[in-house]
Amino acid sequence: MLTPPTPKNEHERQRALNESCLLDSGAEPRFDRITRLARQAFSIPIVLVSLIDRDRQWFKSRQGLDAEETSRNISFCGHTILTRKPFIVENALEDSRFADNPLVTGAPNIRFYAGAAIYTSSGYPIGTLCLIDTKPRSFSDDQTAILLDYAAMVEELVQADEFRRRAASGLEAELLASQDEMASLIENLPGVTFRCLADEHWSMLYIGGKVSEITGYTPEDLIDNKHITYASLIHPDDTSRVYETVTQAMTDNFEWRLEYRIQHRDGVWRWVEEHGKCVNSNTGLPQVLEGFIVDITREHNTASQLSQHQDALVLLNEVAFTKQESLDTKIDYALSVAREYMQSDMAILSQIDGEVYIARWVNSKAGTVVEAGQRFSLDQTWCQLLVSKERIKDKELYIANTEDPLHSELFSHPCYQANPLGSYAGIVIEVEGKPFGTLNFSSSQARAEAFTESEQLFVRLLAHWLADTLTQSLVNERLTKLMAQLPGVTYQFRRYLNGHMTFPFSSPQIQSLYGLTPKQAAEDASPALQCIHPDDMGFVAESIEHSANTLEYWQATYRVRQANKGYRWIIGQAKPERLADGSTLWHGYLQDIHQQEESRLALEQNEARLRGLFEFSPIGIALNDFETGKFIDLNDALLAPTGYTRDEFTSLSYWDVTPKEYAPEEEKALASMIARGRYGPFEKEYIRKDGSRYPVRLQGMVSQEKDGRKVIWSLIEDISERRKLEKMKDQFIATVSHELRTPLTSISGSLLLLIGGAAGSLPDKAKTLLSTADRNAQRLTALINDLLDMEKLVAGKMPMHLTSQPLAPLIGEAVDSMNSYALQHQVGVRYSKPLPTCQVNVDGQRLIQALTNLLSNAIKFSPKTEFVELKVQLKEAQVEIAVRDKGPGVDPLFRHQLFKRFSQADSSDTRKLPGSGLGLAITREICQQLDGKVGYRDAKDGGGEFFILLPREAS
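Residues numbered from 1 in each chain as written. Predicted model: local features only at pLDDT ≥ 70, side-chain atom pairs only at ≥ 80, totals over all residues. Heavy atoms only, no water.

Quick word on the pairing of strand β2 (residues 56-63)
Successive side chains on a regular strand alternate, one facing one side of the sheet and the next facing the other. The buried fraction of β2 is high, at seven of eight residues. Relative to β2, strand β1 (residues 46-52) runs antiparallel, the two being bridged by six bridges. When the sheet's bridge partners are listed, Val49 is paired in β2 with Ser61. Linkage of β1 to β2, two consecutive antiparallel strands, is achieved through a turn of three residues. As judged from the three bridges shared by β2 and strand β3 (residues 69-71), these two strands associate in the antiparallel manner. Note that in β3 the partner of Trp58 across the bridge is Glu69. Hairpin geometry of β2 and β3 is characterised by an intervening segment of five residues between the two adjacent antiparallel strands and by a positive phi of about 85° at Gly64. (Buried < 20%, exposed > 50% of the residue type's maximum accessible area, 1.4 Å probe, protein only. Helix = DSSP H or I, 4+ residues; strand = E, 2+ residues; numbered from the N terminus. Pairing = 2+ DSSP bridges.)

As structure tokens, then:
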């Protein structure tokens, strides 16, 4: 056995795997969906997404295998990650590398293996998508390509996770840091074990030594209530709650967990968390309580601090995802929110140009003297403290009270003399690695308390966001100048969840294309869409919708109305991305291609019509000479299954590929063409180049060329797959029916024995239930026979035994047979008695089958506690049987498929109501063979109503 070699970059590869956070992460539908599709596509028993760990391969997703992991040193996937090509072993028993591998000689008995490596965005192979079979098999180039496609789908999921992790903002990082800090505090908190009596004092029998850290009292002070009782330390507001919780837990014999306050010897109240249980004794001794007490005072304080952090992060999130579009409105909004949060008089984002301080953006209370755009000498401002050589390394400054002696050095600073303040907070803003200016908050009055950690964190993160926003604005400004030189429009198009659309960025050429300035387009994109030709608007909107839903590349060619130019052809293309607020942003390019498109359309108009249909038809198309039968032209769909080259096939006539026994059918087709100008459809066989045969379905027509020569156009469909599917369907139905019939025969026999008294005399009610069960068993047997005769059903040849009989007993029997089913769904079935007297010429069992199909559907779709109503109405020569439910009815878009086989309004894997989709199709077939029909209509006052119309016999 060949053990997989270790890659040279194993250390880096393992680190990439660990950073993916996929190991031991449990199953996920998004991966399972791919392996499930691959399993169906390749018709293979086992499909895995395998992650190669240090000493094992662990399966992130698995289809057809129970094991969650295997050893790496016997894995096939360990070899797969060594190459970028798919690793394929068609017969492991004949491969010296794997013939004695435990996975080959034992379960899962691998014979065939095909795997493709899965790479991270940094190029490290962390696992594979692999296919495993217990039988040897070959693997074509096409299958290899499909395997690589599925592996790429898994790889995209892995790399998308990487992107999301890298895209985690500084806000989230700070929050996680706070959470980690709190978790660390909680993890290291000291605890105290105790054992006490369940009395009013919680008299301690034992308590750990660390109790002195929490209460200031030694264990000796508390044990046996020597100097103080534990109950007396509990906060008066918590005493009754503690007593009730513990008492209830003792009564229910459960453990308890509660938090409360106890008073330290120094008078300070501390929060503790207590876990405990009651130790019951059968010796008659008093009940004893045991448990563990943890000081969680710091945790409570940390939780309060974390809450403040979260409040700050919520505000920052509101700022970051504001719908404001322009730079000025974004920053003005951010300063307004920040000033309120910091409870300051003024918030300024400044720009420092040499020794000049410019208040670029200002938000302040009414009555302040600083306005946006105002200039000051830098040394006269508080921000000079931030950019001075002494403080430049800190880049931030927080002064809650400028008159505090700790800040006495400020008293002599010019800024204090020129602009006295009570409090100040500021931080340097850097753009592209260089100081741009400062973000500062100031008030005329001093603060009562120092700036909190949450406030400082808020200022830092807001400064990061402002720096990023200014950088982006600067980059956009440069790009705008560059893109002004391009012949087309470079743009960003954004669609919000509420349907609003804008061009956040567009180059100046958008004005010549859509008649909008970039500023107007940034506010509202709808005027641009109104310029699109009405005939093109539909598919442009659909293509945008599709791209938004799938995040696939968008491309469209359409016409736009331009002033004084009429409609002109343009081409657009863009790549979409999903933003955090759920909106979609496209980055793309628009260009006027009017002349090129007009030329292309004129050129294609004469070439693309029939040739496109001919070449790309999935059904074979042939053109033959009427006199000789020789092939003149044919498409690829006809050529593919024959084994001939195009030149070889066009040298043949249709007689050369037709077996001689089909000569009579060919003569009939020829006679039909002479008489009616067309033939078919009929089925026969074609002869391949290798002499083998395959079934085809033909139909065609005679046409006349310009030179007067007659030719035959034929549609020739290869029906090999259809024949295979029909054979598989017949085998499946026969197998299932046999497996059902054997136990059903036993059930029917047992029911008959019980009805016949084999188990003794039974109550009348039991006999009635057994009779109903026997009738249903007989009906199920009849359904199985219908499955075996499925071909007769499809052909309309279902056997019917028609007899003239009253309708009422048949309806009563149908309703009785559905009572238990209705009871399961908590739905009632009712009909007016007595039913109208009516004779019908029907097969009673078939009509009951049709009615039970309609009743079961109505029961399934009815709300609980509602009734399904059955009505019989006599018409002139017919009788109508209507079944009404109180359910949601049938979608009008689905009604044309309602009575087709296997049709279901909800055909998804997650549909709530079961069913095969055959019931209504069988009902229609039965009704047609009873000279009747079945239909559907919306019921009055809601719900749906199915009805059967049957001819009735004269009284």
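Text resumes after the structure shown.
Remarks on a nonpolar patch on the surface
Judged by side-chain polarity, Val475, Leu479 and Leu482 come together as a nonpolar surface patch covering roughly 240 Å² of accessible area. By the secondary structure assignment, Val475 is in helix α14 (residues 453-483). (Patch = residues over 30% accessible without salt bridge, like charges linked within 9 Å, V, L, I, M, F, W, Y side chains within 5 Å. Areas by Shrake-Rupley, 256 points an atom, 1.4 Å probe, with all protein chains shown as cover. Salt bridge = Lys/Arg side-chain N within 4 Å of Asp/Glu carboxyl O.)

With respect to helix α5 (residues 141-166)
Taking 1.5 Å per residue as the helical rise, α5 with its 26 residues ought to reach 38 Å, and the 37 Å between its terminal C-alpha atoms agrees with that figure. When we look at burial in α5, the residues that qualify are Thr144, Leu147, Tyr150, Ala151, Val154, Val158, Asp161 and Glu162. Against the buried residues of α5 lie α2 (29-42), β1, β4 (87-89), β5 (112-119) and β6 (125-133). (Expected span 1.5 Å × (residues − 1). Contact = heavy atoms within 4.5 Å.)

Focus: the sheet that holds strand β14 (residues 374-377)
Taken in spatial order, the six strands line up as β14-β13-β12-β17-β16-β15 in an open sheet, and their pairing is antiparallel. The sheet is open, and its two borders are formed by β14 and β15 (396-399), each paired with just one other strand. Across this sheet, the average inter-strand angle for adjacent strands is 25°, counted without regard to direction. Of the pairings in the sheet, the one linking strand β13 (residues 356-364) to β14 comprises four bridges and is antiparallel in character. Bridge pairing in β14 places Ala359 opposite Gln374. Sitting on the sheet, helix α11 (residues 327-342) is in contact with β12 (346-353), β13, β16 (423-431) and β17 (434-443), with an inclination near 70° to β13. Relative to the sheet, α14 contacts β12, β13, β15, β16 and β17, its axis offset from that of β16 by approximately 35°. (Axes fitted to C-alpha atoms, helices over the stretch in contact; angles between N-to-C directions.)

A closer look at the packing of aromatic side chains
Considering all chains together, one arrives at 22 aromatic pairs under this definition. On the basis of an interplanar angle of 45° and a centroid distance of 6.3 Å, the ring pair of Trp202 and Tyr243 is categorised as tilted. Pair noted here: Trp202 is in the loop between β7 (191-197) and β8 (204-207) and Tyr243 is in helix α9 (residues 236-252), with a separation of 41 residues, a long-range link. Its relative accessible area of 49% is what places Tyr243 among the partly exposed residues. Between the aromatic rings of Tyr491 and Phe503, the centroid separation amounts to 5.8 Å while the plane-to-plane angle is 75°, which identifies the pairing as edge-to-face. Here Tyr491, found in strand β18 (residues 489-495), pairs with Phe503, found in strand β19 (residues 501-506); they are twelve residues apart in sequence, far enough to count as distant. Residue Tyr491 is classed as buried on the basis of its relative accessible area, which comes to 5%. (Phe/Tyr/Trp six-rings, centres within 6.5 Å; stacked < 30°, edge-to-face > 60°.)

Focus on unusual backbone geometry
Cis rather than trans, the peptide bond between Ala107 and Pro108 has omega equal to 10°. Here Pro108 is to be found in the loop between α4 (102-105) and β5. In this chain, Gly680 is followed by Pro681 through a cis amide linkage whose omega measures 5°. Turning to its location among the elements, Pro681 is positioned in strand β25 (residues 678-687). The phi angle at Asp941 is positive, at roughly 65°, despite the residue not being glycine. According to the relative accessible area criterion, Asp941 is exposed, its value standing at 81%.

A few points about the state of the cysteines
In the structure shown here, the tally under the stated rule is zero disulfides. Not engaged in a disulfide, the cysteine Cys196 finds its nearest cysteine sulfur in Cys278; these two sulfurs lie 9.7 Å apart. Judged by its relative accessible area of 2%, Cys196 is buried. (Disulfide = S-S within 2.5 Å.)

Describing the domain arrangement of the protein chain
In terms of domains, the protein chain is made up of domain 1 (9-167), domain 2 (190-302), domain 3 (322-479), domain 4 (486-600), domain 5 (619-717) and domain 6 (799-951). When each unit is reduced to the centre of its C-alpha atoms, the spacing between domain 1 and domain 4 is 42 Å. (Domains from an automatic or database assignment.)

Notes on the pairing of strand β11 (residues 288-295)
Summarising burial for β11: six of the eight residues are buried, a large majority. As judged from the seven bridges shared by β7 and β11, these two strands associate in the antiparallel manner. Note on β11: the bridge partner recorded for Phe194 is Gly291. Inspection of the sheet shows strand β10 (residues 269-279) paired to β11 by eight bridges, in the antiparallel sense.

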